[in-house]
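# A closer look at the structure
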Amino acid sequence: QVQLVESGGGLVQPGRSLTLSCVASGSVLSINAMGWYRQAPGKERELVATITYGASTFYADSVKGRFTISRDNAKNTVYLQMNSLKPEDTAVYYCNADNCGRGYYCNENIYWGQGSQVTVSS
């Protein structure tokens, strides 16, 4: 089993920055990719960014150039640095991890954090 605990959400004004953190514990050797999803009220959940154990990254077009995903493997922690925030970034952000094993790829995206509210408003 893997547990994911998020922190760092909150209220921020447009144009400012915020960083989310997600710490994995338990069977961490089972994880290759970690990432962030978000869901705004009345909208579908969408993938924001992912990063593998070897630091290959993917970004949604909506956040490319503004958000940066990174990880510290020694701390089993993934981060999402969010810059130039817009009101449309307002959502609950969920940390995610797969069950593929370090360096391997599969379709088992099964672990989730508790969710962190990010509100971008003046």
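Calculation criteria
- Residues numbered from 1 in each chain as written.
- Predicted model: local features only at pLDDT ≥ 70, side-chain atom pairs only at ≥ 80, totals over all residues.
- Heavy atoms only, no water.
- Phe/Tyr/Trp six-rings, centres within 6.5 Å; stacked < 30°, edge-to-face > 60°.
- Lys NZ or Arg CZ within 6 Å of the ring centre and 35° of its normal.
- Disulfide = S-S within 2.5 Å.
- Helix = DSSP H or I, 4+ residues; strand = E, 2+ residues; numbered from the N terminus.

Glancing now at the packing of aromatic side chains. The tally for this structure, following the rule as stated, stands at 1 aromatic pair. Here arginine 45 stacks its cationic end above the ring of tyrosine 37, 4.9 Å away from the centre of that ring.

Take the state of the cysteines next. As enumerated under the stated definition, the model contains 2 disulfides in all. Put simply, cysteine 22 and cysteine 95 are joined by a disulfide, and their sulfur atoms are 2.1 Å apart. Note on the cysteine 22 and cysteine 95 pair: the S-S dihedral is about -85°, so by sign convention the disulfide is left-handed. With a gap of 73 residues between them, cysteine 22 in strand β3 (residues 18-26) and cysteine 95 in strand β9 (residues 91-98) connect regions that are remote in the sequence. Bridging cysteine 100 to cysteine 106, the disulfide has an S-S length of 2.0 Å.

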